[in-house]
Structures are given as structure tokens and as C-alpha cells.
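Tertiary structure, described
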Amino acid sequence: MNKIVRHAWTAGHSAELYGVNEWGADFFSVSDQGDVTVQANIGANTTSSSLLEIVEEVRQRGIDSPVLVRFDNILAEQISRLNNAFARAIEENDYRGKYRGVFPIKVNQQCHVIEEITRVGAQFGHGLEAGSKPELIIALAHLNTRDAHIVCNGYKDEEFIDLGLHACKMGYRVIFVIETPSELPIILERSRELDIKPIIGVRVKLASMVGGHWNATSGDRSIFGLSIAQLISVVDKLRAESMLDCLQLLHYHLGSQIPNIRDIRSGVVEACQVYVDLVREGATMGLLDLGGGLAVDYDGSKTNFIHSRNYNLNEYCTDIVDVIMSTLDPQKIPHPTIITESGRATVAYSSVLIFNVLDVATFEPSHVPEKIEDDEHSLIHNLKDLVNAANVRNLQECYNDALFYRDEIRELFKRGQVNLRSRSLAENLFLKIMQQISQIAEDSPQKFEEVTQLREQLSDIYYCNFSVFQSLPDVWAINQIFPIMPIHRLNEKPQRQAIIADITCDCDGKIDRFTDIRNTRKMLPLHQLKDNEEYYIGAFLVGAYQETLGDLHNLFGDTNVVSVNLTEGGFEFVHEIEGDSISNVLSYVEYDPQTLQNRFRKIAEQAVREKRISAADRLKVMNAFSASLRGYTYYER
Ligand SMILES: Cc1ncc(COP(=O)(O)O)c(C=O)c1O
């Protein structure tokens, strides 16, 4: 007989629940088979692969979770989308300048990422932003086109400037952006000494302020950039040195992740006025660098919430072009080359961190007996009477009573008047009552404030094989939220509500805020674990800032990384980096693994001498010690 299943859970329900079609930017979705898929355009066709299949292939190669999967196609697509969107805005508005983006290396310095960005970026003249000497070295070794710029921000010493000047002579377009007045004399002195004309930019502090987490980057008190008074003094110095022709670029950066398009517009308006006056002062100009700030819609809400943005890429480009034209055209000033330093929006989508769940803690009663022995404490009997007693009308009262009895029993336990077994019984009864109250509250249209919090307190803890501090440092440091969801079993309804705990021994090593279209949510719907089957969770959009900001808390090192290229027939692995071994992380904190091994060998030999272990045991223990040194820092099955 055919069973009629009403409202069967489908992959579509999961897609809606986790909002993947909202934040996935056409890169991620859910297949009918219930897996998260990753998509890319190859020519006129779209190809799609299951993330689970990728992880399984990775595992067959002996690469364990956690693993960071980078998608080269997504990186390439993001560079193209940005450049094409500006090209479209320029063409549609008859803008008479060009767009030349630069990728800020600090947002993801990993070699393979920079190689891919510069490979794809070459056709667009997409350059790099360097904020330090190592970053300048990366830029010089990767950009082999005269069409792309290298924008040098940050503090620059003589060595930095000399290298940049030599590169200018070779034909690189290296621009020294003056961040503080003290930098100018060094640039002038070194360029005289080497007889190489510099290209100079100025970074200015705008009065315009932005919303979002990084609003301290904007306004008078921002750390970087020249005040308007300092800017004028730089102009005067350059004029006095007859070097105003070297001043070609105006730069500002209002902060990363600007959620509101109004703030972006207002920054460009103010910057354009500064630009106009620099031209009037006699500077050559020609380059207007708007910094970063193009936001990522992490929750898919398309709002001006700090983790979202209320504009799309086309609106961003069109607004910038429009503001520049409407400010410069009345002054008859030629349209500058537009530079943006988009980092986050360029690389965020291209990396997914995938980790397995090791264990689950539930807050459910383990055992509630049918009958309570007569000699149990009266408070325990009171608690038992509350089981099955709650209904919509007495919900709050039941809740208060249960809490009172439970706390009284805890007090009696502290005074030695209730034993451990009775306390365990009381805790189980209490959890049973809370479970029932929570269920009634969920089904009731009425709101019960405390009971809502109760659901959070009863949520599961999923212990997952990764370190927040190493792989998602912004979750811990700045309360960043990333889309997180299981990558498979999505045609099953997730029955559990959980928070995520990592495997560091730190109470901050957890994730308890998740993306949601309407608000952030405090619990993530997850599936019950199955015996002998891994359960994989993905943290998405983690390609920006997370990799190098991560730290070695508890000595959990870099995760394994694989770079994947989606092809017409599926996918191929193009690059893999083994995560840190235990030996690696020990050496980062100045232990010499060989010395550790020698020390331990002596201790083992002493144990043999004292007949605590045999010589054969010593061999086994020494083998285990060396195998551990070679092992992965994360939990290995
Ligand atoms: C000077 C500068 N440019 C560019 C960026 C990159 O910003 P985003 O990642 O928001 O594009 C930053 C980061 O805050 C920055 O400080």
C-alpha cells in the first residue's frame, strides 16, 4: 500500500532554511540529492559538483578533515565580475577613464591565491596593493604587466622605497601612497639619490563616516591617512621641490564591509572634491583610489545590517562612476582612472572550511523513572508532579516551580543533605519538564520570554574537528558571522538545534551566532549523527582575512588545503598543501622536535633501567612519539 507522506522535507526546504540561495551568490546551492553543490561557468555552460563528493575524494587521497577547499573558478569569476561590472558602468555612462582594480594582498596572501588573481587579472590590468615589504616582494614577483598598478600603502622605510623606485625604473607602476607626513622627505631623498622619479599618492582622512564594524577606519580620528591640513602641507612641499607632477593619486579607505551604499556615495562625493582641488593646485593626478569596503552579503538579507549590504555590484560601480562624473564634469576635469582595493568581496566566496563532527552533548534527561521511591526527598516528588503537568495556561508557573525545586535540591546537595543519585534524579526530572515546556511554548502563538531562552539553554553542543582561533578567527575576535550549514543529508529534516564547539580547550572556542535572513540565530538546525557515518559541516565565504589572521591556540596548526578546479566533467585537484604537522607547530613556538625526541628517549631509557618498561616497550613508545610528531594537529580517526 502506498503511504501518503504529507509535507515531506525536501532539499528545497533546506536551501530555504539555511538561506543558501540568498548568500550563495550563484556559487552554492542544494541539489535534489540533498548535497551542497558548488557551481561555476565554463564558457556558456554551468558546471556543478557536490561538496560531499569533493570531500570524499579528498579523503581517499589521505587528506583528513578539517580541510579548507579553495575554488579557483570562483576566484576567477569574482575578478571578472568586478572588472566587467566597472566596464559596463563606464560604457553605459560614457565615462572617459578606466577602471584598474588592485587586490590588497593582506586579505589573502597565500601564494596560490595571488597566482590565480594575477593570472586572471592580467587581462583586466588588475594589480596588487602592498602594505609591507614582504607584500611588495610578492607583488613584484607576480605582476608582469605594465598595465596594472602596485599601490604601496602602510609605513615605508628606505629599503621599501628603494625597491619600489628600482621597480619603477623597470616599468612597473609602483605608487607610493603617503600615509603620514614623515614619509615624504624619505621618498624625495631616495628618489634624488637614485635619480628615479616616484609616482606619489596621498591617503586622506575623510570626514565622511561609515556604518558597520570598521567605522573607526573613517572620520577625523582614523589612524591612517593625512588630515586636510597635512595634505596641503604635502602639496606645498612637493611644489617647493618642483615635484607636483609626481602627485598622481588620491586614496582613501573608509573601512572594510561597508553595508550601506549611502556611505559609499558620501565618501566618493567628499573625495572627488579633494581630487578637484588637488588638480587645481597643479598636481598631475589621474588616479582616484577608493580603497576597499565593497561588502559581502554574509547572511543574504540584502540589508544594511553589518554582515550584509544593501546594494549589488552593479549599483556599487554605477554609483561610483556617477558621483565622479557629476562632481568633475562641471569643473571640466578629466575623468580619472578609478582604482578600488576590493579584498573581501574578491576572495571571500572562494574558500569553504569543511569539518567533521566528533561528538554531541545533548541536554536531555537520560532516565526518568515511572515511580519515585517514597523515601526520596519531598522536593523530588514535587518535581515529579510537574512532569506532564504543563499546558499553555500554566506554562510560566510550571517553569518557575521547576526552577525553584531544582535550585533547592542543588542547595541541599551542597550541604550534604541530598546524595549524588538523588541529585541526578532531580536534574533528569527538571530536564524532562523543561523539554515539555519548551515544546508547548514552540507550538503556542503566545510569547514566553524566559522559555525562549530555555530553548537555547537546552540546545545541543556539536563538537567539531577544527579550531575557531585558527580557521575562523574573526568569529572569536569581532563576532563575525559566516554562513554555516551541513553539506549533505539536506533532504532530511534537521531535527536538532545546536551550537558548535571546536576542539580547543577554550570556552571562547565556539560558534553560537548563525546567519539568518531576518536576524541572527543562536542555534543552528543540524541532523542527528548516524553511527559509522561522518557528518560534515561547511563554513562558507571564509576566503578573506581568516587564513593568516588565524593563530596557534592550543597548538592547532594550519588545516589541510586543497585547491579545486571545476571542469565540464566534474572537478580536478590542482594544488594541495598539507596542514601543519605537530612537529611544525612545535617548531613555531621554538621547540626543536629532535631535542624533544632526545629528551624523551632518555626518560624512556631511564624507565627501562628502573624496570618500569621493557626494551621492547621502549621501542613501541618511541615509535608512537615519532609518529605523533609527524601527525596532523587535529583529531584523526
Ligand atoms: C587600505 C586598505 N585597502 C583595502 C582594504 C580591503 O578592504 P575590503 O576587504 O573591505 O575590500 C583594507 C582593509 O581594511 C585596507 O585597509
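This text follows the structure it describes.
Residues numbered from 1 in each chain as written. Predicted model: local features only at pLDDT ≥ 70, side-chain atom pairs only at ≥ 80, totals over all residues. Heavy atoms only, no water.

Topic: the packing of helix H4 (residues 72–92) against helix H11 (residues 313–328)
For clarity, the cut-off: Note on geometry: axes are lines fitted to C-alpha atoms, helical ones only across the stretch in contact, with angles between N-to-C directions running from 0 to 180 degrees. Only DSSP runs of H or I reaching four residues or more are called helices, and only runs of E reaching two or more are called strands; each is numbered from the N terminus. Orientation labels follow simple angle bins: below 35 degrees gives roughly parallel, above 145 gives roughly antiparallel, 65 to 115 gives roughly perpendicular, and whatever is left gives oblique. The crossing is said to be left-handed when, going from far helix to near helix, the turn is anticlockwise and less than a right angle, and right-handed when the turn is clockwise. Contacts are residue-level and defined by heavy atoms, with any inter-residue pair within 4.5 Å sufficient. Amino acids are sorted into nonpolar (Ala, Val, Leu, Ile, Met, Phe, Trp, Tyr, Cys and Pro), charged (Asp, Glu, Lys and Arg) and polar (every other residue, Gly among them).
Following both chains from N to C, one finds H4 and H11 inclined at 45 degrees, their axes separated by 9 Å at the closest point. In terms of axis orientation, H4 runs oblique to H11. Of the two elements, H4 crosses H11, and the hand of that crossing is right-handed. On the side of H4, the interface is formed by Arg 81, Leu 82, Ala 85, Phe 86, Arg 88, Ala 89 and Ile 90, while H11 contributes Leu 313, Asn 314, Tyr 316, Cys 317, Thr 318, Ile 320 and Val 321. Here the contact of H4 with H11 is composed, by residue class, of 10 nonpolar, two polar and two charged.

Here's the deal with the layout of surface pockets
To keep it simple, the criterion reads: For cavity detection a 1 Å grid was placed over the protein atoms alone, and a set of points counts as a cavity when a 1.4 Å probe fits there but cannot get out; an open set counts as a pocket when protein lies on both sides within 12 Å along at least five of seven lines, with lining residues being those that have an atom within 4 Å of a point. Grid points are joined across faces, edges and corners, and a volume is the space filled by probe spheres set on the points.
Put simply, the largest pocket is a space of about 1300 Å³. Lining the largest pocket are 44 residues, with Ser 438, Glu 442, Arg 455, Gln 497 and Met 523 positioned closest to its centre. Taken together, the residues of the lining of the largest pocket sort by class into 14 nonpolar, 15 polar and 15 charged.

What to know about the sheet that holds strand E3 (residues 45–50)
Here is the rule: One requirement defines pairing of two strands: DSSP has to find at least two bridges between them.
Spatial strand order, E1-E2-E3: three strands in an open sheet with antiparallel pairing. Two strands bound the open sheet, and with one partner strand each, they are strand E1 (28–30) and E3. Direction aside, the axes of adjacent strands within the sheet are offset by 40 degrees on average. Here three bridges tie E1 to strand E2 (residues 36–42), and the two strands are oriented antiparallel to one another. Each residue of the ladder has a partner; that of Phe 28, found in E2, is Val 38.

Notes on the side chain of Ser 191
Tracing the backbone shows Ser 191 in helix H8 (residues 183–194). Every residue in contact with Ser 191, bar those within four places of it in the chain, is listed here: Leu 165, Ile 196, Pro 198 and Met 243.

Quick look at the packing of aromatic side chains
Under the convention used in this document: Aromatic rings from Phe, Tyr and Trp, with only the six-membered ring used for Trp, were paired whenever their centres fell within 6.5 Å, and each pair was classed as stacked if the ring planes differed by under 30 degrees, edge-to-face if by over 60, and tilted otherwise. Three exposure classes are used, based on accessible area relative to the maximum for each residue type with a 1.4 Å probe and protein chains only: buried under 20%, partly exposed in between, and exposed over 50%. Throughout this description, the term charge over a ring refers to an Arg CZ or Lys NZ atom that lies within 6 Å of the ring centre and within 35 degrees of the ring normal.
For the coordinates displayed, the defined rule picks out 16 aromatic pairs. Between Phe 355 and Phe 466, the aromatic rings sit 4.2 Å apart at their centres with planes inclined by 10 degrees, giving stacked as the arrangement. In this pair, Phe 355 is assigned in strand E13 (residues 351–361) and Phe 466 in the loop between strand E14 (460–464) and helix H17 (468–471), connecting sequence segments 111 residues apart. By relative accessible area, Phe 355 is classed as buried at 0%. Since its relative accessible area comes to 0%, Phe 466 is described here as buried. The interplanar angle of 65 degrees and the centroid separation of 5.2 Å between the aromatic rings of Tyr 632 and Tyr 634 together place this pair among those described as edge-to-face. Comparing Tyr 632 with Tyr 634 shows no difference in burial state: the two are buried. Three or more aromatic residues link up through ring pairs in this structure, and these residues are Phe 86, Tyr 99, Tyr 311 and Tyr 316. Over the face of the ring belonging to Phe 430 we find Arg 406, whose NZ or CZ atom lies 4.2 Å from the ring centre. The ring of Phe 413 carries Arg 423 above its face, with NZ or CZ at 4.9 Å from the centroid.

Some details on the pattern of salt bridges
Stated precisely, the cut-off is as follows: For salt bridges, the criterion is a side-chain nitrogen of Lys or Arg within 4 Å of an Asp or Glu carboxyl oxygen.
Enumeration according to the criterion identifies 36 salt bridges in this entry. Arg 496 is the salt-bridge partner of Glu 364, the closest N and O atoms lying 3.0 Å from each other. Residue Glu 364 is found in the loop between E13 and helix H13 (378–386), and its partner Arg 496 is found in strand E16 (residues 496–501); the two are separated by 132 residues along the sequence. Taking the relative accessible area as the measure of exposure, Glu 364 reaches 33% and is therefore partly exposed. Of the residues examined, Arg 496 reaches a relative accessible area of 15% and is grouped as buried. For Arg 618, the salt bridge goes to Glu 605, with nearest N and O atoms at 2.7 Å. Of this pair, Arg 618 sits in helix H22 (residues 615–630) while Glu 605 sits in helix H21 (residues 593–609), and the two are 13 residues apart along the sequence. The partly exposed category is assigned to Arg 618, whose relative accessible area is 23%. We classify Glu 605 as partly exposed; its relative accessible area is 29%.

Side note on the packing of H4 against helix H5 (residues 111–121)
Their axes nearest at 9 Å, the elements H4 and H5 cross at an angle of 45 degrees. Judged on the interaxial angle alone, H5 and H4 are oblique. For the pair H4 and H5, the sense of crossing is right-handed. Taken together, the residues of H5 that come into contact with H4 (itself represented by Asp 72, Leu 75, Ala 76, Ile 79 and Ser 80) are His 112, Val 113, Glu 116, Ile 117, Val 120 and Gly 121.

Description of H4
Each turn of an α-helix holds 3.6 residues, which means side chains three or four residues apart point in the same direction. The condition is simple: The span one expects for a helix is its residue count, reduced by one, times 1.5 Å.
For H4, which comprises 21 residues, the first-to-last C-alpha distance of 30 Å matches the rise-based estimate of 30 Å (1.5 Å per residue) to within 8%. Backbone geometry just after H4 places Asp 94 at a positive phi near 55 degrees.

Focus: the site of the ligand
Formally: Throughout, the term near means that a residue has one or more heavy atoms lying within 4 Å of the molecule or strand in question. For this analysis, a polar contact is any N or O atom pair within 3.5 Å, provided that within protein one partner can donate a hydrogen and the other can accept it, and provided that sequence-adjacent residues contribute only side-chain to side-chain pairs. Accessible areas in this description were obtained via Shrake-Rupley with a 1.4 Å probe; residue shielding takes into account the shown protein chains only.
Contacts to the ligand come from 16 residues, most closely from Ser 256, Glu 341, Gly 343, Arg 344 and Tyr 545. At a separation of 3.0 Å, an oxygen atom of the ligand approaches a polar side-chain atom of His 253. In the model, an oxygen atom of the ligand is placed 3.0 Å from a nitrogen or oxygen of the Gly 293 main chain. Protein chains shield 92% of the accessible area of the ligand, which is 390 Å² for the free molecule. Of the residues assigned to the shell around the ligand, the class counts are two nonpolar, nine polar and five charged.

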